[in-house]
Every structure is written in structure tokens, then in C-alpha cells.
Number of protein chains: 2
Amino acid sequence: MATQTKPILHGYFRSSCSWRVRIAFALKGVEYDQLPVNLIKDGGQQSCVSLTVALSVPKLTEEYKALNPMQQVPAVEIDGTTLSQSLAVIQYIDETRPGPRLLPADPKARAQVRMISDLIASGIQPLQNLYVIQKIGAEKMQWSQHFIDRGFQALEPILKQTAGKYCVGDEISMADICLVPQVYNAERFKVDVGKYPTIKRLNEALLEIEAFQVSHPSRQPDTPDDLRA
Amino acid sequence: MATQTKPILHGYFRSSCSWRVRIAFALKGVEYDQLPVNLIKDGGQQSCVSLTVALSVPKLTEEYKALNPMQQVPAVEIDGTTLSQSLAVIQYIDETRPGPRLLPADPKARAQVRMISDLIASGIQPLQNLYVIQKIGAEKMQWSQHFIDRGFQALEPILKQTAGKYCVGDEISMADICLVPQVYNAERFKVDVGKYPTIKRLNEALLEIEAFQVSHPSRQPDTPDDLRA
């Protein structure tokens, strides 16, 4: 594959879908550039980001809309093409870059990884996404808690069956890449993650790993000072 | 792979995610059994299904909850394991069964197929899913229209770039498998699909294909008589 130029990640420090892609790049050891996209009202006020402000109306440029018509982050420029949808990006990185596999070789284990990833990426995250809870308004905290709890109640028994050291067996996979940012979101929305012992254990184990640390929302170029680790 | 016993699809005639799996089985020429799961209040009243009833509270058994803790359809018993999440199931079928590829061989084309599939499966369908619009209540029609239109506005320019005869080039793929059931949902929610000429054209072309016809909601074992084609 042509990899002459570094991929460019258009993302946002706190977007869980951007974090997924950052973890994948880190696990694969792929160098990339970040171009932060402001999901914040009136754009550019990075120094006064707060939970409240970050949850308000996004202002995205027409330029960005051309990169990702869905007007969400991330979008990734890579190998002369532009991709959006984090799981599509992660699987593309996995299929074109050397380094540890992000999906196992065995078809059944691959299916389990994708099942867990999709449970999070289709069954939980979209329902507490910025553009959805904007429409919910005042009830957004309860709404988000409801759908995260509903998803975690399903995820916990599945992980109990599939997990070893990590979500599926003992190798890190795309499922782990999806889990950690979703737990981070759960904590932001004050979900009691202690109710889900397998999820909690896996999240803690994964946060020990460098690729999950360097990609963390508290350590990105657009992380505001008061949220910086 | 062990394929001695036929896969069992636990689904629902009108569920778009069940339809996706039915299309994949049909394209691959895989025989399977269907066990309908009633997404209908009080269960078992299949002869009086109507749009209104089908949108009311689902009653799923504890047995089914063991198969799919997310309490959604589909779940598929296959090769001695149980899988949920339709895109995980479709890719498992693709990777373990002969027949036409559901994802292209070229990594960039594969990424485009996954990007389009995920835009629908994570960006549109979850927001007009039964268990979400139940929570929305009286506004569910406008809510669903809003998010389907939002998704189609993004999908249309992407498909304009990727499509040939079908969503990505001239071969049928997982992207097409996601598109047709989503257009069916759009029509149920009275979205004017004519505003999206590429989506409309692709949907019409795909509905000419036998695999999309035999799997159609109007032709399933649990399709009520008044909706039967």
C-alpha cells in the first residue's frame, strides 16, 4: 500500500469515535497528524471548553462537510482517499498496515469482536451522540443513562462469555477499542460502571496499556488546559 | 467450516436488521430456518399486526434474551455459536461461505462498503429503532423522519461518488444489503425518497434482484396476511 504521506485524522479530543481511531493508530504504531474539528458553538473557543459548552450546537465548516457529509468526527485522509465511520477506518488500517492484528484470524472470534464492536457502535453510542442529545434537550442526562445502561446490561453477559484478559480472549482487538471510549462516555453521563464487573475489569486493564493512554481525551492537541492530564 | 446443520435466523418480518441477514443468506445461496420473534405487544397475535401494534412495547421471552441479551432481532445460531448484530453476522457468513463476495477484495473498496454500511447501521437505523421511538412517544414520526433525512442527506453525495450499478461499483455488497431495508423504513416513515436520486435509483435496481425479493418483509413466514405480497 502507498503510505508515503502520513494519514490526517480530523477529530475532536472528547469524541469517542475519534478516540477509537487514535487507539487503532497507536496500537499499529502508525504516525498520523491531527486536525482538530471544533464541535463547539461558534468554533475556536478551545480555551473555554466545558462539558456544557461541548454539548451545545456544533458549528462545522462547509469544508469539513465535504470531507464527511455526516458532519461528524472522525474523518480520516489516508492513502489518497477520505474515510469516515470509525469502524470502517479501523478495519482499513488493520487490513493495510503491519503490526498486531486488530481483528483475530479465526472467523468465529472475528465475529465476536464485530458483534461487541457493533453493539457499542450501533446499539449504544449513536443514542448518546451529540447531535441526538441536542434534540432531546433537558432530559439528555437521563436519556443517555438509560441507553448506556440498557447497552451495558446486554454487553456484560456477552463479555463474561467472550473475555479473557481482554474483550475477546487474551488479545487486544477492535472490541477493546470500542469499549474504553464507551466507558469514558458512561462516566461522563454518571452511569455507575461498578454495576458491570466484567466491563469495569476490562476497562481498567486496557487503560494500563500505552496505546490507550497516549490516545486519551486528556492528552490531545485540542484538549483544553483544565481537562489536560 | 462445519455447516452440517442449517443456520437458524431468529428474526421479525419487518425488522430491517433481520432483512439484512435474509438478503445475505439469499445472495450466498445458504439455506436457513426462520424462527420468528414477536416484537409485538403480548406476543403471538400475528394475524392482527398493524403498523401501530408493531410499534408498541415488545414482549420478548427470557429464552430469547439468552440468545441476544440486547433483546433485539436478529440473532443467528450458526456453526455451533450464536451471533447478534447484523453486520457481524453478514461478515461471518461472507468469510465462511462460498458464493459471491459481500465485501470486495480491494481494501479501499471494502472500506467504502463498510463506511456506507456503518453510516446506515450506526448513523440512521438505531435512531428510528423500535425501542428508541417507543421512548420518544407521540413525536416518533417527526423524530424518525428527521434522522432518516439527516442520514440520507449525507449518504446521497457519498453514493454519488462510489456508486456504479450498485452502491460501490458494479458488484452487490453489504452496502446494498443495508441500503434497501433502510429505504423501506424511510418509506414507512413517509420520507420523500425522491429527494435523493442516487438512493432512489440504487434501491430500484436492487429490488429487481431475486435475493432482495425473496427476503422482502412482505414474503416472510411471519408476515401477516394483510401485508403479504
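As named in an unreviewed UniProt entry, chain A is Maleylacetoacetate isomerase, taken from Pundamilia nyererei. Turning to chain A, the UniProt record has this under Cofactor (unreviewed entry): "glutathione".

A. A look at the overall build of chain A. Secondary structure summary: chain A contains ten helices and four strands in total. Ordered by position from the N terminus, the helices and strands of chain A form the series β-α-β-α-α-β-β-α-α-α-α-α-α-α. Buried residues in chain A amount to 61% of all 229 residues. Taking contacts inside chain A between residues at least 6 apart in sequence as the whole, the part at least 24 apart equals 68%. By element, 49% of the accessible surface of chain A is carried by carbon and sulfur atoms, the whole surface being about 9,300 Å².

B. Spatial organisation of the relation of the copies chain A and chain B. Placing chain A over chain B gives an RMSD of 0.0 Å and needs a rotation angle of 180 degrees, together with 0.0 Å of translation along the axis. Each copy turns onto its partner about a two-fold axis. When C-alpha positions in chain A are compared against the rotation axis, the closest is assigned to serine 122 of chain A, at 2.1 Å.

C. Local environment of the interface of chain A and chain B. At the interface, 41 residues of chain A touch 41 residues of chain B. Note on chain A versus chain B: buried area summed over both sides is about 3,800 Å², and carbon and sulfur give 66% of it. For chain A, the biggest contributors to the area lost against chain B are Met70, Lys108 and Arg150 of chain A; these three give 15% of the whole. Our enumeration of links across chain A and chain B arrives at four salt bridges. Two residues, arginine 110 of chain B and glutamate 95 of chain A, come together in a salt bridge whose shortest N-O distance is 2.9 Å.

D. The sheet that holds strand S3 (residues 75-78) of chain A, seen in detail. Residues and elements named next belong to chain A. Ordered in space as S2-S1-S3-S4, the four strands form an open sheet in which the pairing is mixed. Only two strands of the sheet have a single neighbouring strand rather than two, namely strand S2 (33-36) and strand S4 (81-84). For this sheet, the mean inter-axis angle between neighbouring strands, taken without regard to orientation, is 20 degrees. Strand direction decides the pairing type here: S3 and S4, joined by four bridges, are antiparallel. Paired with isoleucine 78 across the bridge in S4 is threonine 81.

E. Representation of the packing of helix H1 (residues 16-28) of chain B against helix H4 (residues 86-96) of chain B. Residue and element names in this part refer to chain B. Closest axis-to-axis distance for the H1/H4 pair is 9 Å, and the angle between their directions is 10 degrees. Our classification of the angle between H1 and H4 gives roughly parallel. Residues Cys17, Arg20, Val21, Ala24, Phe25 and Lys28 of H1 form the contact with H4, whose own contacting residues are Ser86, Leu87, Val89, Ile90, Ile93 and Asp94. Of the residues belonging to the contact of H1 with H4, the class tally is eight nonpolar, one polar and three charged.

F. View of the pairing of strand S3 (residues 75-78) of chain B. Bridge count for strand S1 (residues 8-11) of chain B against S3 of chain B is three bridges, and the pairing is antiparallel. Looking at the pairing, histidine 10 of chain B lines up with alanine 75 of chain B of S3 of chain B.

G. Up close: the nonpolar core. Of all hydrophobic cores here, the largest spans 130 residues; its most connected members are Leu179 of chain A together with Leu179 of chain B. Apart from the residues within four sequence positions on either side, leucine 179 of chain B is in contact with Ile120, Leu155, Leu159, Cys167, Ile199, Leu202, Asn203 and Leu206 of chain B.

H. Examining the side chain of aspartate 176 of chain A more closely. Residues and elements named next belong to chain A. Along the chain, aspartate 176 turns up in helix H8 (residues 174-188). Notably, aspartate 176 is buried but unbridged: the nearest opposite-charge side chain belongs to arginine 201, and the N-O separation is 8.8 Å. Beyond its immediate chain neighbours, meaning those up to four positions away, aspartate 176 contacts Tyr166, Cys167, Glu171, Leu206 and Phe212.

I. Highlighting the state of the cysteines. Residues and elements named next belong to chain B. Under the criterion given, the structure shown has zero disulfides over all chains. In this structure cysteine 17 is not part of a disulfide, and its nearest cysteine sulfur, from cysteine 178, lies 8.3 Å away. We note that cysteine 167 lacks a disulfide partner, and the nearest cysteine sulfur, in cysteine 178, lies 8.7 Å from it. Residue cysteine 167 is classed as buried on the basis of its relative accessible area, which comes to 0%.

J. Spatial organisation of the packing of aromatic side chains. All names here are of chain A. For the structure on display, the rule yields 13 aromatic pairs over all chains. Here tryptophan 19 and tyrosine 184 contribute two aromatic rings whose centre-to-centre distance is 5.4 Å and whose plane-to-plane angle is 85 degrees, an arrangement assigned as edge-to-face. With tryptophan 19 in helix H1 (residues 16-28) and tyrosine 184 in helix H8, this pair connects stretches of sequence that are 165 residues apart. The pair formed by tryptophan 19 and tyrosine 184 is uniform in burial state, with each residue classed as buried. When the centroid spacing of 4.5 Å and the interplanar angle of 20 degrees are considered together, the rings of phenylalanine 25 and tyrosine 32 count as stacked. Residue class for phenylalanine 25 comes out buried when judged on its relative accessible area of 1%.

K. Structural detail: the sheet that holds strand S4 (residues 81-84) of chain B. All names here are of chain B. Taken together, the four strands give an open sheet; going across it, the order is S2-S1-S3-S4, and neighbouring strands pair in mixed fashion. Edge positions in the sheet fall to strand S2 (33-36) and S4, since each of these pairs with one other strand and no more. The average angle at which neighbouring strand axes cross in this sheet is 20 degrees, direction not considered. Contacts from H4 reach S3 and S4 within the one sheet, and its direction differs from that of S4 by about 130 degrees.

L. Quick look at the pattern of salt bridges. Residue and element names in this part refer to chain A. A full pass over the atoms with the stated rule returns 16 salt bridges over all chains. Its salt-bridge partner being aspartate 33, residue lysine 6 comes within 3.5 Å of it at the nearest N-O pair. One end of the pair, lysine 6, is in the segment before strand S1 (8-11); the other, aspartate 33, is in strand S2, and 27 residues separate them in sequence. Aspartate 33 gets classed as partly exposed once you look at its relative accessible area, which sits at 36%. Through salt bridges with shared partners, a single network forms among Lys6, Glu31 and Asp33.

M. Here's a closer look at the packing of H1 of chain B against helix H8 (residues 174-188) of chain B. Residue and element names in this part refer to chain B. Interhelical geometry of H1 versus H8 gives an angle of 140 degrees and a closest axis separation of 9 Å. It follows from the interaxial angle that H1 and H8 lie oblique. Along this stretch, H1 crosses H8, giving a crossing that reads as right-handed. Contact residues: H1 offers Ser16, Trp19, Arg20, Ile23, Ala24 and Leu27, while H8 offers Ile177, Cys178, Val180, Pro181, Tyr184 and Asn185. The residue inventory of the contact of H1 with H8, partitioned by class, reads nine nonpolar, two polar and one charged.

Rules used throughout
- Residues numbered from 1 in each chain as written.
- Chains lettered and ligands numbered in written order.
- Predicted model: local features only at pLDDT ≥ 70, side-chain atom pairs only at ≥ 80, totals over all residues.
- Heavy atoms only, no water.
- UniProt positions renumbered as here; feature names shortened; annotations may be inferred.
- Helix = DSSP H or I, 4+ residues; strand = E, 2+ residues; numbered from the N terminus.
- Buried < 20%, exposed > 50% of the residue type's maximum accessible area, 1.4 Å probe, protein only.
- Contact = heavy atoms within 4.5 Å.
- Areas by Shrake-Rupley, 256 points an atom, 1.4 Å probe, with all protein chains shown as cover.
- Least-squares fit on C-alpha atoms with pLDDT ≥ 70 in both.
- Buried area = accessible area lost by both parts, 1.4 Å probe.
- Salt bridge = Lys/Arg side-chain N within 4 Å of Asp/Glu carboxyl O.
- Pairing = 2+ DSSP bridges.
- Axes fitted to C-alpha atoms, helices over the stretch in contact; angles between N-to-C directions.
- Parallel < 35°, antiparallel > 145°, perpendicular 65-115°, else oblique.
- Nonpolar A, V, L, I, M, F, W, Y, C, P; charged D, E, K, R; others polar.
- Core = buried A, V, L, I, M, F, W, Y, C linked by side-chain atoms within 4.5 Å.
- Lys, Arg positive; Asp, Glu negative; His and termini not counted.
- Disulfide = S-S within 2.5 Å.
- Phe/Tyr/Trp six-rings, centres within 6.5 Å; stacked < 30°, edge-to-face > 60°.
- Left-handed = near helix turned anticlockwise from the far one by under 90°.

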